[in-house]
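Residues per chain are reported as follows:
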Amino acid sequence: MLFLGLLIIAIGAFCQSSSYVPINRIKDWSWESYWLVQGVFAYLLFPLVGALVAVPSGESLFAMYASHPKEVLLTMFFGVLWGVGGLTFGLSMRYLGVALGQSIALGTCAGLGTILTPVFTGRTSDLTPAVLIGVAVTLAGIAIIGWAGALKSRETGDGGKNAVKEFNFRKGILVALMAGFMSACFNIGLGFGSSLAWDSTPEIFSTLPATLLVTSGGFLTNAAYCLWQNSHNGTWSDYGKKSLRVNNLLFCALAGLLWYSQFFGLSLGKGLLKDFPVLISFSWCILMALNVTFSNVWGIILKEWRGCSKKTVSVLVLGLVVLIVSCFLPQIL
């Protein structure tokens, strides 16, 4: 089950890293419009379907939520905070591109999500020396990837705008680090929602009810910001463009499905890794590292590193290797 569990997590990571490709097929909608619509699919509809899969026959999902009000509120609260990370996550790619934006944001999220979850949920005994070493190496990987981004900015004559229209390295780095910090709240929310399941729920589905609460909290944050942007920018008319509605809804739905696949795959993978407790503890970090890897594959495909020297690409690859090793290092130690 070890290989199968890791393979399923990897497939989910590949889907997540591919989720921004369909967005490029959305026509004549502003950022806030398509971000809100894909959020309906990614944060509400598909997570609801996933949570319902975890409900045993004769049980009620919302009755279970009602019987655990404290856990529900805490899980959603950290979902709201994660929603801030989701917003800045999108902006990080706006300023840095898919490869660099996802690398830095997800790298930070991997390290902090691993270390902050035991702190907030009262399981500090999980913070062994091996865990702390893993986090330190993760941060080293982030620094190396940031160096690659700085080299890219210096080498491309237009500051990287040949592939990313709004490329801004300094602003993008700050936004990506904030996105990673706030995105770590997703795992904290899952930690507080770990009891939101039934004894008869298969382990492969046990985290899905909590996942719905976290994503629902995140949707509140994202919806509030996007609707404000619609009002501020006068882009309400996007939703009334009937000739584009089918195309844009289809690609928003596809983007949402691909994005949610990472957490459905994470739940399945953790259930299959039940005999490997160390890997379960680091499954979040593994998912984020694989997201980084696949996002950079897309970055290469989309030519975001075009015009960079072999040295810059080598530094990028080195950072990715360090980041991936950091996820498995505690298991080796």
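The residue numbers shown here count from 1 along each chain, following its written sequence. For this predicted model, a pLDDT threshold of at least 70 governs which residues receive local features, and a threshold of 80 or more governs which side-chain atom pairs are given and counted, while totals over whole chains, interfaces and linings are taken from all residues. Just so you know, side-chain values use all the structure's heavy atoms and leave hydrogens and water out.

Caption draft 1: Spotlight on the overall build of the protein chain. Put simply, DSSP marks the helices as runs of H or I at least four residues long and the strands as runs of E at least two long, and each gets a number from the N terminus on. The helix and strand inventory of the protein chain stands at 12 helices and 0 strands. Tracing the protein chain from N to C terminus, the helices and strands come up as α-α-α-α-α-α-α-α-α-α-α-α. Computation of the radius of gyration draws on C-alpha atoms alone. For the globule rule, the value is 2.2 Å times the number of residues to the power 0.38. Scaling as 2.2 N^0.38, a compact globule of 333 residues should have a C-alpha radius of gyration of about 20 Å, and the protein chain matches this with 19 Å. Across its three principal directions, the C-alpha atoms of the protein chain cover 60 × 55 × 30 Å. When the 333 residues of the protein chain are sorted by exposure, 57% land in the buried category. Throughout, a residue-residue contact means that at least one pair of heavy atoms, one from each residue, lies within 4.5 Å. The contacts in the protein chain between residues at least 6 apart in sequence include a share of 86% that link residues at least 24 apart. When the accessible surface of the protein chain is summed, it comes to about 14,300 Å², and 69% of that surface belongs to carbon and sulfur atoms. Note that His is not counted, nor are the chain ends; the positive residues are Lys and Arg, and the negative ones are Asp and Glu. Each charge is placed at NZ for Lys, CZ for Arg, CG for Asp and CD for Glu. Charge centroids of the protein chain, computed over 20 positive and 13 negative side chains, lie 12 Å from each other. Remark: exposure states derive from per-residue accessible area (1.4 Å probe, protein chains only) relative to the maximum for the residue type, with buried under 20%, exposed over 50%, and partly exposed in between. Areas reported as accessible are Shrake-Rupley estimates using a 1.4 Å probe. Residue values count occlusion only from the protein chains shown.

Caption draft 2: Highlighting the packing of helix α1 (residues 2-18) against helix α11 (residues 283-301). What counts as an axis is a line fitted to C-alpha atoms, over the stretch in contact for a helix, and the angles between N-to-C directions run from 0 to 180 degrees. Between α1 and α11, the least distance of the axes is 8 Å, while the angle of their chain directions is 45°. With respect to their mutual orientation, α1 and α11 come out oblique. Seen from above, α1 lies across α11 with right-handed handedness. Judged by residue contacts, L6, I9, A10, A13, F14, Q16, S17 and S18 of α1 engage S283, I286, L287, L290, N291, F294, S295 and W298 from α11. Residue composition of the contact of α1 with α11, grouped by class: 10 nonpolar, 6 polar and no charged. When describing relative orientation, an angle under 35 degrees is termed roughly parallel and one over 145 degrees roughly antiparallel, while 65 to 115 degrees is termed roughly perpendicular and anything else oblique. Here a crossing is called left-handed whenever its near helix is offset anticlockwise from the far helix by less than a right angle, and right-handed whenever the offset is clockwise. Polar here means any residue outside two lists: the nonpolar Ala, Val, Leu, Ile, Met, Phe, Trp, Tyr, Cys and Pro, and the charged Asp, Glu, Lys and Arg; Gly therefore counts as polar.

Caption draft 3: Local environment of a nonpolar patch on the surface. Patch rule: a residue counts if its relative accessible area is over 30% and it has no salt bridge; like charges are joined within 9 Å, and nonpolar side chains (Val, Leu, Ile, Met, Phe, Trp, Tyr) within 5 Å. In the sections that follow, a salt bridge refers to a side-chain nitrogen of Lys or Arg positioned within 4 Å of a carboxyl oxygen of Asp or Glu. Together, M1, F3, L4, L7 and I11 give the surface a local cluster of nonpolar side chains, amounting to about 540 Å² of exposed area. Summarising the element assignment, I11 is placed in helix α1. Judged by relative accessible area, I11 falls into the partly exposed class, the value being 46%.

Caption draft 4: The arrangement of the nonpolar core in detail. For the purposes of this section, nonpolar cores are sets of buried Ala, Val, Leu, Ile, Met, Phe, Trp, Tyr and Cys residues that join through side-chain atoms within 4.5 Å. If you look at the biggest cluster of nonpolar residues, it comprises 83 residues, and the most contacted ones within it are Y34, W35, I104, I145, F186 and W259. Considering each element in turn, this core owes the most residues, 14 residues, to helix α4 (residues 69-120). If we ignore the near neighbours within four places in the chain, the residues touching Y34 are I23, I26, W29 and C252. If you look at the next biggest cluster of nonpolar residues, it comprises 10 residues, including A51, L61, W198 and L212.

Caption draft 5: A look at the packing of aromatic side chains. To pair, rings of Phe, Tyr and Trp, with the six-membered ring standing in for Trp, must have centres within 6.5 Å; the planes then decide the type, stacked if under 30 degrees apart, edge-to-face if over 60, and tilted in the middle. Taken as a whole and assessed by the stated rule, the structure comprises 22 aromatic pairs. An angle of 35° between the planes, with centres 5.7 Å apart, marks the rings of W82 and W259 as tilted. Separated by 177 residues along the polypeptide, W82 in helix α4 and W259 in helix α9 (residues 242-272) bring together distant segments of the chain. This pair shows no difference in class: W82 is buried, exactly as W259 is. Centroid distance F205 to F264: 6.3 Å. Interplanar angle 35°. Geometry classified as tilted.

Caption draft 6: Highlighting the side chain of S18. Residue placement: S18 occurs in helix α1. Discounting residues that sit within four places of it in the chain, S18 has contacts with L258 and W298.

Caption draft 7: Summary view of helix α7 (residues 185-192). Within α7, 8 of the 8 residues are buried, which leaves it mostly tucked inside the rest of the structure. By the burial criterion, the buried members of α7 are C185, F186, N187, I188, G189, L190, G191 and F192.

Caption draft 8: Geometry of the packing of helix α8 (residues 208-233) against α9. With their axes 10 Å apart at the nearest point, α8 and α9 run at an angle of 150° to one another. Judged on the interaxial angle alone, α9 and α8 are roughly antiparallel. Note that α8 runs across α9; the crossing there is right-handed. On α9, the residues touching L208, T211 and T215 of α8 are W259, Y260, F263, F264 and S267.

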